[in-house]
Amino acid sequence: MKLIFEKGRHGRRGYVQAKSDVPEAKPLDKRYRRHKDPCLAFVSELDVVRHYSELSRLNYSVDTNFYPLGSCTMKYNPKFTERIASLDGFAQVHPLLPQISGGGMLAQGSLEVLYDTEKLLAEITGMSAFTMQPLAGAHGELTGVMLVAAYHKASGSRRKYVIVPDSSHGTNPASAAIAGYDVIVIRTAADGYMDLEEYKRRMDGNVAAVMLTCPDTLGLFNPRIKEIADIAHKAGALMYYDGANLNAMLGKCRPGDIGFDVVHINLHKTFATPHGGGGPGAGPVGVSGKLADFLPIPRVIRRTDGTFALDYHRHKSIGYIAPFYGNFGVVLKAYAYMLLLGREGLIGAAETAVLNANYCLARLKGHYELPYGRTCMHECVFSASRQAKNGVHAIDIAKYLIDRGYHPPTIYFPLIVKEALMIEPTETESKETLDGFLDTMVEIARLAEKDPASVTQAPLHMPVKRLDETKAAREPNLRWQP
Ligand SMILES: *Cc1c(COP(=O)(O)O)cnc(C)c1O
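Note that the structure is predicted; figures quoted are calculated from it, not measured.

A. Focus on the domain arrangement of the protein. Assigned domains of the protein: these are domain 1 (4-58), domain 2 (79-340) and domain 3 (349-472). Taking the mean C-alpha position of each, domain 1 and domain 3 sit 46 Å from one another.

B. A look at the pairing of strand 8 (residues 299-302). Of the strand pairs in this sheet, strand 8 and strand 9 (residues 308-311) are connected by four bridges, and their pairing is antiparallel. Looking at strand 9, one finds that Arg-302 is bridged to Phe-308.

C. Just the packing of aromatic side chains, in detail. Throughout the structure, instances matching the rule amount to 11 aromatic pairs. Taken together, a centroid distance of 5.1 Å and an interplanar angle of 55 degrees make the contact between Tyr-115 and Phe-308 tilted. Pair noted here: Tyr-115 is in helix 4 (residues 108-125) and Phe-308 is in strand 9, with a separation of 193 residues, a long-range link. Neither Tyr-115 nor Phe-308 differs from the other in exposure class; each is buried. Aromatic pair Tyr-312 and Tyr-320: ring centres 6.5 Å apart, planes at 45 degrees, arrangement tilted. Note on Tyr-312: relative accessible area 36%, which makes it partly exposed. Aromatic ring contacts, followed pair by pair, group Phe-66, Tyr-406 and Phe-437 into a single cluster. Over the aromatic face of Tyr-115 sits the side chain of Lys-119, whose NZ or CZ is 4.3 Å from the ring centroid.

D. Highlighting helix 8 (residues 225-234). Among the residues of helix 8, Ile-225, Ile-228, Ala-229, Ile-231 and Ala-232 are the ones counted as buried. The arc that holds every buried residue of helix 8, seen down its axis, measures 160 degrees, which confines them to one face. If you follow the buried residues of helix 8, they end up packed against helix 7 (196-202), strand 4 (207-213), strand 5 (238-243) and helix 9 (255-258).

E. Spatial organisation of the nonpolar core. Tyr-199, Met-203, Leu-267 and Phe-271 are the most contacted members of the largest nonpolar core, which totals 56 residues. At 10 residues, helix 11 (residues 328-364) tops the list of elements feeding residues into this core. Excluding residues that lie within four positions of it along the chain, Tyr-199 makes contacts with Ile-163, Ile-186, Met-194, Val-210, Ile-228, Ile-231 and Ala-232. In terms of nonpolar packing, the next biggest core, distinct from the first, is built from 29 residues, Ala-357, Leu-370, Val-392 and Tyr-400 among them.

Cut-offs and rules
Residues numbered from 1 in each chain as written. Predicted model: local features only at pLDDT ≥ 70, side-chain atom pairs only at ≥ 80, totals over all residues. Heavy atoms only, no water. Domains from an automatic or database assignment. Pairing = 2+ DSSP bridges. Helix = DSSP H or I, 4+ residues; strand = E, 2+ residues; numbered from the N terminus. Phe/Tyr/Trp six-rings, centres within 6.5 Å; stacked < 30°, edge-to-face > 60°. Buried < 20%, exposed > 50% of the residue type's maximum accessible area, 1.4 Å probe, protein only. Lys NZ or Arg CZ within 6 Å of the ring centre and 35° of its normal. Arc of directions from axis to C-beta. Contact = heavy atoms within 4.5 Å. Core = buried A, V, L, I, M, F, W, Y, C linked by side-chain atoms within 4.5 Å.

Set out below in structure tokens:
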């Protein structure tokens, strides 16, 4: 595909400015004047429309195709929630609108949405209070670990370490480190779960928190999670729940009931905002009662007369973590989504997500290595190690899938699985869609045996073919030169 600069003809214009009939006041100093024409594309309006329409057709999205990107929960997000978020009363609201006194009560509806969403998420997770402010999952983690630190500081306890398993998402140890902790990494035992013996050995009064993803990044639910929590609590450490995988848990199991003290949720995975692409997200953080006083300001409160307000006067709070009140539109969509699905709908989403993942697991397990072969939750992790023996690596499988119209699964994560292929189908896909993808995966496994070169050359039908990735990193060529 050509760049817009390579299209059109010198001198062609889409728009010509009318000659100004206002006399020039004083000519601009020569120093500030341009001596060369700017390097613009000479295209007509139609050229521009066609160029960008063509570009937009190259976009890949859940709205166009299947997107089994493990750990990212790329589900379809109902357009209903977009409609709610674009209602003028919400979309046009200014963050400095008077909440309650002075100019009226113009922000009451928005405050009520924040208040009610907090209550719904608290109910779903079994926590006592939530802040909706964090702007992403990783930001939620940082906020959560800061809450842990504030809690220990207030109780006069000095602790140095945060424990994470080696299967954890990279943001977990990063958040703990940014919040000032040293990280202890516990390895995964042969059964696919955190090594319990090593965990017990490393746990003592210096550990501030244990950060766990549940179900974990292998898509497995650790049956000894309660025991792990009890061991942490006995040593005075807190339990942190990375809730990015909450999609498997909705209405089935509550982190608060298992003993988690701090929870973050990715609204842009589980609750109806498209994930990925760098768009706005939200990583609300929920806490048990003993941590509620430390939550960031402002808090949304309901006054005795039933009106809502922002409360800034909380002396134990960790303070501000985001301007105004986070990504309100994302919270609003999550609220609309929860009300749309209702209790039964959310439970159904979790059940179907788990069923779909197990269907993928069952259909592929004869064709790909399954390192931890038991019933999975919302995602399953295979290894391309069998194919790699013939020179077909996870990256080649991913590239071939692109040629066949599928977004690849997550590859090379979790790090503990060699040649990892992490498939998360989500609840919103039909059996026909899954079958199309799974048939292609089976076909790739067969090609890897019979004709490996046909896989390793892919993609052949995309605008950009196989790149020399080393060269792309060492000598990036990002700028068009006339
Ligand atoms: C996505 C994810 C995160 C981080 O969330 P972001 O919104 O991308 O910052 C953390 N943990 C797990 C397990 C995840 O899948």
